[in-house]
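Per-entry structural report
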Amino acid sequence: MIATLFRVVGRGHRGLLWRFLVSTAVYALSEGAAFGLLVPLLTALLGGRTGTAAWWLMPLAAAVVVGWVAHYDMGISALRLSSAWRRSLYGRIGAHVVRLPLGWFDGARTGRVERLFGHGLDTAVQTVTLTQTLINAVVTPAVIGVFLVVLDWRIALAVLVTVPVVLLVFAYARRVTDRTEAASDAAAAEAGTRLVEFAAAQPVLRAIGRGRGASRPLDDALDARHREARREVVGALPGLQLGRLAIQLAFTAVLVVGLLLATGSDITPARMIALLVLGIHFLQPFATLAGVAGGLRVCRAAIERIDAVLRTPVLPEPVRPRPLGPPAIDLDDVRFGYDGVPLLDGLTLHVPAGSTTALVGPSGAGKTTVTKLVARFFDTDAGTVRVGGADVRDVASADLLDAVALVFQDVYLFDGTIEDNIRMGRPGATPAAVRDAARRARVDLVAERLPDGLAGRVGDGGRLLSGGERQRVAIARALLKDAPIVLLDEATSALDAENEAAVHAALAELRQGRTLLVIAHRLRTVMRADQIAVLDGGRIAELGTHAELLAADGRYAALWRSQQRARGWRLTNDAGRPAGR
Amino acid sequence: MTATAAEDLAELRRPVRGRVTVAAGAQVLATALGVVPLVAVVELGRRLLGGQTSGLWAIAWLAVGAFAARLVLYTLAGGISHLADADLARTLRRRLVRALAELPLGWFAGGVAARVKTTVEDDVAALHHAVAHAPGDMGAAIAGPVVAGAYLLYVDWRLALLTGAAIGAAQATRMRMVRRSAEPAGRIAAARAELSASAIELVRGIAVVKAFGGTRAAERPDATDERPDAPPERPDAPPERADAPPERADAAAERVGAAPARFAAAAERYADVNDEAQRIFIRQRSLARATVAPATILLLVTGAGTWFAALGWTRPLDVVAFLLLGLGLFEQITPIYTARDQRRRARDAAHRISELLREPPEATAAHPVALPAPAGRALPLELDDVRFGYAGGHEVLHGISAELAPGTVTALVGPSGAGKSTLGLLLARFSDPTGGAIRLGGVDVRDVDRAELYRHIGFLFQDVVLLRQSVRDNIALADPDAGDARVEEVAAAAAIDARIRDLPRGYATVLGEEAELSGGEAQRVSIARTLLADTPILVLDEATAFADPESEAAVQDALAALAGGRTLLVIAHRLPTIAHADQILVLDEGRVAERGRHDDLLAAGGLYARLWHAQQEAAA
């Protein structure tokens with residue numbers, strides 16, 4: 001535990017940690033010493049020698065005062081240590097997270113990191129308090145144990161043999177509880193997801209389903225959760241009671257041995273009673289120990305989760321970064337996959353500087369992945385990605401991201417004004433430049449709708465704006481950034497007519513004089529691209545202009561015809577089938 | 001009148017009150033029995049010092065017996081209370097789920113899943129402490145010190161008062177701290193909320209953060225001094241790159257400032273308020289601790305005991321009683337304080353649970369009127385001056401009237417916000433009109449049993465909901481008795497049969513576990529489900545046809561199969577799609593601005609014509 005603390009608090013706070021540990025240990029030692037001094041004192045007192053007893057009060061008082069001072073210092077250093085550690089953790093995680101490859105942030109991990117920043121970190125920092133309790137619960141009995149051994153080995157033996165027994169019982173109880181707890185947690189998690197499903201599916205369950213909104217899987221999951229909860233209770237009881245039983249047996253052993261010695265040997269009753277009191281106090285911290293152990297496990301789990309994030313490797317930075325040339329993009333025999341499942345399999349594509357290239361292809365073909373490799377959210381498994389003539393791995397990531405503007409599908413806006421969000425493109429931009437970008441991306445039309453115009457807030461994640469409006473803000477951001485390369489993922493969902501027109505106009509603005517790599521879902525929007533690359537099976541299956549690809553009559557032509565047909569679709573009910581069964 | 005949180009908690013706990021009380025009683029008794037072995041040690045000492053050797057073992061065995069009884073009582077208390085808690089949790093979750101299944105569908109609009117989960121799962125779980133622990137723990141925290149204190153008073157009132165004074169002083173300090181801790185608690189909560197919001201923003205917006213600054217401070221290692229003569233190329237040579245040099249990473253890490261600005265500020269603030277809250281108590285806490293630390297009480301009772309013994313006020317052995325029973329007195333009261341947060345959380349949770357249980361259920365017809373035709377036959381649907389406004393809000397539909405004759409196609413068009421979707425939701429009875437009526441075959445839908453209504457009107461919602469069940473069960477939701485052949489038939493009609501057969505276990509494949517479907521595929525499964533429901537009237541959103549460009553054509557084929565032969569009400573966004581409709585209702589600000597067929601409306605040159613031309617331009 002203490003080793004973990006040393007590892008995680010960071011080098012800067014080692015001094016503080018030492019001070020904390022020393023004062024905690026001194027406090028625990030002083031408590032142990034006070035108990036130890038009790039034996040001669042009590043022996044004298046019970047033996048009727050009050051004068052001698054009074055003398056023993058002096059070292060006892062000294063131990064108590066030392067304890068007070070140590071406790072005060074322990075409180076201060078624990079506070080400083082927690083505070084420093086907390087700050088350092090926030091700093092480290094914050095700085096690390098922004099340097100992680102973007103591929104790391106899938107939905108599940110995002111949620112986990114968010115929790116980590118909240119309760120996870122508070123829990124981790126509680127380690128300090130718990131360590132304090134732990135040291136007390138170990139060191140004080142240890143000191144008492146030493147006194148016992150010195151004062152009377154027989155009582156000491158009776159007390160000390162119980163220690164391994166108690167600890168073993170604790171460990172066993174823990175294992176039993178862990179098992180039932182895991183089953184119970186799993187049942188609870190299942191019930192939770194069924195519940196979310198149940199709520200989300202209410203319209204379907206009631207208006208289409210025939211079960212009056214009820215959900216059989218949810219009922220089953222709730223029953224299973226109840227069953228596991230009961231099983232956990234029953235399973236945990238023996239464990240909990242065994243711990244108690246072990247401590248009580250130890251107490252009994254001390255009592256019996258003490259009694260046997262007192263009735264059958266040389267030891268005076270006064271001394272015997274004093275030793276008995278000491279033995280009983282030796283046992284008392286064990287109950288605390290069980291609680292602390294549980295708490296520490298929770299803390300350790302939190303620390304491990306934090307550690308796992310901090311140990312996730314960031315993308316390596318070049319030691320000697322190369323400058324970027326003219327903004328061309330080259331992918332050369334690129335291979336890449338997620339979790340070992342290959343997705344791109346020898347993809348080669350040249351995007352000349354100043355041109356527009358459209359990426360099309362079936363969903364899951366890896367179109368988005370190509371743009372993410374260009375922006376170096378991941379590194380390739382094999383092959384190279386060059387931007388401006390330089391391997392992206394040899395370019396300082398700040399330089400690369402300066403050269404590239406990203407407009408992705410699920411645009412995330414920060415809770416601030418529209419203006420703030422556009423300004424992220426170039427933090428030093430003048431208000432006039434921001435307004436100009438807003439106008440060119442047709443964001444001014446969005447602003448008109450809002451009471452505060454560009455100064456209107458967009459809400460968390462931009463939820464006060466529609467999807468099309470959010471994308472226009474992202475385009476404005478890219479326009480303001482004025483990066484030579486734009487990576488654009490067109491929205492898949494149907495935009496309403498107004499937004500569609502505005503987005504197209506904004507994209508036309510963005511195209512001026514830049515290198516554009518566009519992921520297109522609707523082919524109509526990329527007809528005028530300089531080249532269209534059809535991605536299929538992890539490679540470029542077809543490459544050419546719209547006219548060339550139509551003439552080739554391959555996949556692109558088929559996709560085009562299908563989308564043209566879809567566009568001309570009319571919804572009618574005259575399929576000639578009579579209603580009813 | 002609204003119930004207080006405490007009343008809510010008491011009310012929710014009622015079903016297990018008896019068991020909880022019995023368990024608490026057992027725990028209190030067990031705590032009281034805990035005094036017996038310690039008293040036994042004192043009495044043994046008394047006999048030994050008095051030179052008495054008889055009856056010693058009887059006392060020892062009494063102590064052991066008390067232990068055994070205590071163990072039994074603890075087991076009973078823990079078992080009874082925790083099983084009661086588990087039972088109560090299930091009872092409450094079932095009640096909540098039943099209540100949810102009866103809330104108006106409108107209640108579920110706008111992402112309540114998180115709230116449902118919080119209440120049914122987390123809030124019910126938060127009652128655990130109040131049910132399984134609080135009564136017993138509180139009883140024990142009072143009974144323990146009272147029994148021990150009474151014994152000590154009996155043994156020696158002077159020493160008892162002295163010990164009591166020390167504990168009382170520490171207790172007073174503690175109560176003062178508790179009162180004062182309420183004040184920074186608000187600041188901590190606010191700082192924590194901001195921290196968590198900024199963390200969410202940081203993580204969710206990470207792509208933006210990366211692409212638009214925020215990383216530069218931490219990320220640009222100043223590497224000019226390292227190996228200036230190294231050859232610039234050779235991209236694969238490992239020594240050329242390094243994870244940012246460790247010393248530098250550490251240095252950056254020590255400042256929260258290396259993280260993006262809002263997060264860094266929030267983290268600093270949170271750390272500051274935490275420190276501040278702790279710092280103001282550090283002296284008091286040390287003082288309180290110093291007063292009641294075991295060593296202090298030990299010094300107090302031995303010191304006073306020695307003095308009193310010298311004065312002849314106290315028998316020396318009485319000091320032993322205080323050493324065994326007095327040292328832990330303060331700690332026994334502590335659970336009352338450490339459990340305060342849990343108690344408050346349980347009360348708040350109980351309040352939220354009760355609020356949800358108190359939500360008014362959806363309106364049901366007291367005396368359902370039967371529809372004049374069996375489910376298979378189409379009935380005319382009539383909108384008669386339908387008005388709707390949200391509770392406390394302004395009216396959004398101001399009298400919509402229309403007739404949907406069997407077998408016709410009606411389209412609802414209009415600018416966004418005109419009320420198209422609201423009208424669709426009224427038909428599905430997410431809410432009921434606040435004025436006018438919707439009639440099916442001449443019967444007000446509010447007077448129709450919902451199950452019967454839904455056998456006549458089907459819906460294809462734009463948000464596809466598939467359950468984590470087999471594909472078959474997902475489709476058969478509309479008709480659990482449908483045979484496999486029928487399910488496969490509708491799947492084939494919805495152009496999804498082949499895809500389903502390709503899944504790992506075909507129709508038995510559990511969606512979301514064994515396979516994920518693309519947007520367009522999920523849509524077709526939901527179309528198959530609606531096909532199976534086979535209602536003569538269908539309300540659908542036209543955007544469904546264009547939601548997934550990769551499989552638009554397939555979805556459209558499925559929709560065509562679904563629409564065949566039914567009375568349709570189409571909520572339309574793209575006008576060309578519904579150009580062939582029998583009637584088009586053009587909504588504007590909650591009113592029917594125009595109605596008619598496409599050609600007539602175009603010729604009329606009104607709102608519809610304007611919308612049409614705007615869309616044609618956008619498409620060009």
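That block above? That's the structure.
Below is a short write-up of the structure. (Residues numbered from 1 in each chain as written. Chains lettered and ligands numbered in written order. Predicted model: local features only at pLDDT ≥ 70, side-chain atom pairs only at ≥ 80, totals over all residues.)

1. What about the overall build of chain B?
Applied cut-off: Runs of H or I in DSSP of at least four residues are treated as helices and runs of E of at least two as strands, each being numbered from the N terminus. Burial is judged by counting the other C-beta atoms within 10 Å of a residue's own C-beta: 20 or more makes it buried, 12 or fewer makes it exposed, and any count in between marks it as partly exposed, with every C-beta position built from the backbone. In this description, any two residues whose backbone-derived C-beta atoms lie within 7 Å of each other are considered to be in contact.
Per the secondary structure count, chain B includes 24 helices and eleven strands. Taken along the three principal axes of its C-alpha coordinates, chain B extends 115 × 90 × 50 Å. A total of 620 residues make up chain B; the buried ones form 45% of that total. At a minimum sequence separation of 6, the contacts of chain B that also span at least 24 residues come to 77%.

2. So, the sheet that holds strand S5 (residues 382-387) of chain A
All names here are of chain A. What counts is decided by this rule: Two strands qualify as a pair provided DSSP detects at least 2 bridges between them. Here the axes come from fitting lines to C-alpha atoms, over the contacting stretch only for helices, and the angles between their N-to-C directions go from 0 to 180 degrees.
With antiparallel pairing, four strands are arranged side by side in an open sheet as S3-S2-S5-S6. One side of each edge strand has no neighbouring strand; the edge strands of this open sheet are strand S3 (341-351) and strand S6 (390-391). The sheet contact formed by strand S2 (residues 329-338) and S3 spans eight bridges and is antiparallel. Within S3, the residue paired with Phe336 across the bridge is Leu344. On top of the sheet, helix H11 (residues 367-374) reaches S2, S3 and S5; it is set at about 115 degrees to S2, its chief contact.

3. Focus on the packing of helix H5 (residues 113-155) of chain B against helix H15 (residues 340-358) of chain B
Residue and element names in this part refer to chain B. Going by this rule: Throughout, the term roughly parallel applies to angles under 35 degrees, roughly antiparallel to angles over 145, roughly perpendicular to angles from 65 to 115, and oblique to all others. For any pair of crossing helices, the crossing counts as left-handed if the nearer helix is rotated counterclockwise from the farther one by less than a right angle, and right-handed if it is rotated clockwise. Put simply, Ala, Val, Leu, Ile, Met, Phe, Trp, Tyr, Cys and Pro go in the nonpolar bin, Asp, Glu, Lys and Arg in the charged bin, and everything else, Gly too, in the polar bin.
At a minimum axis separation of 8 Å, H5 and H15 run at an interaxial angle of 130 degrees. With respect to each other, H5 and H15 are oriented oblique. Remark: the crossing between H5 and H15 carries left-handed chirality. Listed contacts from H15 to Thr119, Asp123, Val124, Ala126, Leu127, His129, Ala130 and Ala134 of H5 are Gln342, Arg343, Arg345, Ala346, Ala349, Ala350, Arg352, Ile353 and Leu356. A breakdown of the residues in the contact of H5 with H15 according to their chemical character gives ten nonpolar, three polar and four charged.

4. Describing unusual backbone geometry
Of note in the backbone geometry, Asp333 of chain A takes a positive phi value of approximately 50 degrees without being a glycine. Its location among the elements puts Asp333 of chain A in strand S2.

5. Some points on the interface of chain A and chain B
The interface is formed by 142 residues belonging to chain A together with 163 residues belonging to chain B. The leading source of residues in the side of chain A that touches chain B is helix H3 (residues 50-97) of chain A, at 25 residues. Across the side of chain A that touches chain B, the residue classes break down as 79 nonpolar, 35 polar and 28 charged.

6. A closer look at the sheet that holds strand S9 (residues 515-519) of chain A
Residues and elements named next belong to chain A. With respect to topology, six strands assemble into an open sheet ordered S7-S8-S9-S4-S10-S11, the strand pairing being mixed. Looking at which strands have only one partner, the edges of the open sheet turn out to be strand S7 (404-407) and strand S11 (539-544). The average undirected angle you get between the axes of adjacent strands in this sheet is 20 degrees. Taken together, the five bridges between strand S8 (residues 485-489) and S9 define a ladder with parallel strand orientation. Considered in S9, the bridge of Val486 is made with Leu516. Lying on the sheet, H11 is in contact with strand S4 (356-360), S8, S9 and strand S10 (531-536); it crosses S9 at an angle near 150 degrees. Against the sheet, helix H16 (residues 467-481) touches S7 and S8, its axis set at about 175 degrees to S7.

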